[in-house]
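Observations on the three-dimensional arrangement
Each chain, letter by letter, is given below.
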Amino acid sequence: MWDILNHGRASFRVSGWHFQVSRSADGIEVAVSQDDSTVSRSIVSLAGEPLPELQDSFIRGDELHWSMPPTSVDDAGVDLVFLIVKANRDQLVVESTIAIETLSLDSFPQVDIAPSGDGSLFNQRQLTADIYSWQRNGANDDQPAIDVSIFVDERDQASVDPAKITGRSIPFFADFMEKGVIRKVQPWWVFSCDGLSGSQQGQLAVELSARPLPLAG
């Protein structure tokens, strides 16, 4: 189950995996380890500006909720929900729901996901999902690497502009948003010690497409 360690740090342990979420100077850091050894780190950030302060952190059922609402200083606010979908010794699947809202009348807020890895981002299509992956983290013979892939279902693909992909991060939203409108995406994070076969990717794509849509508000 989730363990809120303090305001701005939470973790979940299952099947040898340790999934941690914490506030950092760069944004929201996601750190994942297997048997507390090799760590894969990723950052969720608001491009070009700092995230607002974390106002609320709570657990609802199996979900971790973090709320960073917009303020008079921070025009754009972000809410995050993390849910552990499945876990075994070889694979950890985490669903994230990312919601963004702005108070500005003329705003183009962008949320970036930037997992760690050696080399550039590449993507492929598997059934209804776009899959964004990075090369394996640097690891030695005694410490296997952790692969990370981000699955984006076709219902969310309009929120990713391929022209804005830098090679190091996935940009969500980044187009004009009206004041007070809330937009959401629901990407899956898939962590693996042995990579994913085509059949595994296809199965995950099917499972993601069958997930219920997050509420609009």
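Conventions used here
Residues numbered from 1 in each chain as written. Predicted model: local features only at pLDDT ≥ 70, side-chain atom pairs only at ≥ 80, totals over all residues. Heavy atoms only, no water. Helix = DSSP H or I, 4+ residues; strand = E, 2+ residues; numbered from the N terminus. Rg over C-alpha atoms; globule rule 2.2 N^0.38 Å. Buried < 20%, exposed > 50% of the residue type's maximum accessible area, 1.4 Å probe, protein only. Areas by Shrake-Rupley, 256 points an atom, 1.4 Å probe, with all protein chains shown as cover. Pairing = 2+ DSSP bridges. Axes fitted to C-alpha atoms, helices over the stretch in contact; angles between N-to-C directions. Phe/Tyr/Trp six-rings, centres within 6.5 Å; stacked < 30°, edge-to-face > 60°. Expected span 1.5 Å × (residues − 1). Arc of directions from axis to C-beta. Contact = heavy atoms within 4.5 Å. Core = buried A, V, L, I, M, F, W, Y, C linked by side-chain atoms within 4.5 Å.

What follows deals with the overall build of the protein chain. Scanning the protein chain from terminus to terminus reveals 1 helix and 16 strands. In terms of C-alpha radius of gyration, the protein chain reaches 17 Å, essentially the compact-globule figure of 17 Å for 217 residues. Considering only C-alpha atoms, the protein chain reaches an extent of 50 × 40 × 30 Å along its principal axes. Of all 217 residues assigned to the protein chain, the portion counted as buried reaches 50%. A total of about 10,000 Å² of accessible surface is found on the protein chain, and carbon and sulfur atoms cover 48% of it.

Counting buried residues along strand β3 (residues 17-24), 6 of its 8 residues qualify, which places the element largely inside the surrounding structure. Bridge analysis of strand β2 (residues 9-14) against β3 gives 6 bridges, and the strand direction is antiparallel. Bridge assignment links R9 to a residue of β3, and that residue is S22. Linkage of β2 to β3, two consecutive antiparallel strands, is achieved through a turn of 2 residues, within which S15 is found at a positive phi near 50°. Relative to strand β4 (residues 27-34), β3 is paired through 8 bridges, and the arrangement is antiparallel.

Strand order in the open sheet formed by 7 strands is β1-β2-β3-β4-β5-β10-β14, and the pairing between neighbours is antiparallel. At either margin of the open sheet sits one strand with a lone partner, and together these are β1 (2-6) and β14 (170-173). Ignoring which end each strand starts from, the neighbouring axes of this sheet average 20° apart.

It is worth spelling out the packing of aromatic side chains at this point. Overall, the coordinates contain 8 aromatic pairs when judged by the stated rule. Ring-pair connections join several aromatic residues into one group, and the members of that group are W2, F12, F19, F82, W189 and F191.

So, on to helix α1 (residues 198-209). Taking 1.5 Å of rise per residue, the 12 residues of α1 would be expected to cover 16 Å, and the 17 Å separating its terminal C-alpha atoms lies within 8% of that figure. Of all the residues in α1, the buried ones are Q201, G202, L204, A205 and L208. Across the axial projection of α1, the buried residues extend over an arc of 165°, all falling on one side. Check the buried side of α1 and you find it contacts β8 (76-87), β9 (91-102), β11 (122-126), β12 (129-133), β13 (147-153) and β16 (188-192).

Another aspect to go through is the nonpolar core. Residues F19, V78, L80, F82, I150, W189 and F191 are the most contacted members of the largest nonpolar core, which totals 43 residues. The element that contributes the greatest number of residues to this core is β8, accounting for 5 residues. The contact partners of I150, leaving out residues within four places of it in the chain, are I113, P115, D130, I131, Y132, W134, I170, P187, W188 and W189. Counting 9 residues, the second largest nonpolar core, distinct from the first, contains A129, V190, A205 and L208.

Turning next to the pairing of β8. Pairing between strand β7 (residues 63-68) and β8: 6 bridges, direction antiparallel. Along β8, the bridge assignment pairs L64 with F82. Bridge count between β8 and β9: 11 bridges; the pairing is antiparallel. When the sheet's bridge partners are listed, F82 is paired in β9 with S96. Here β8 folds back onto β9 in antiparallel fashion, the turn holding 3 residues.

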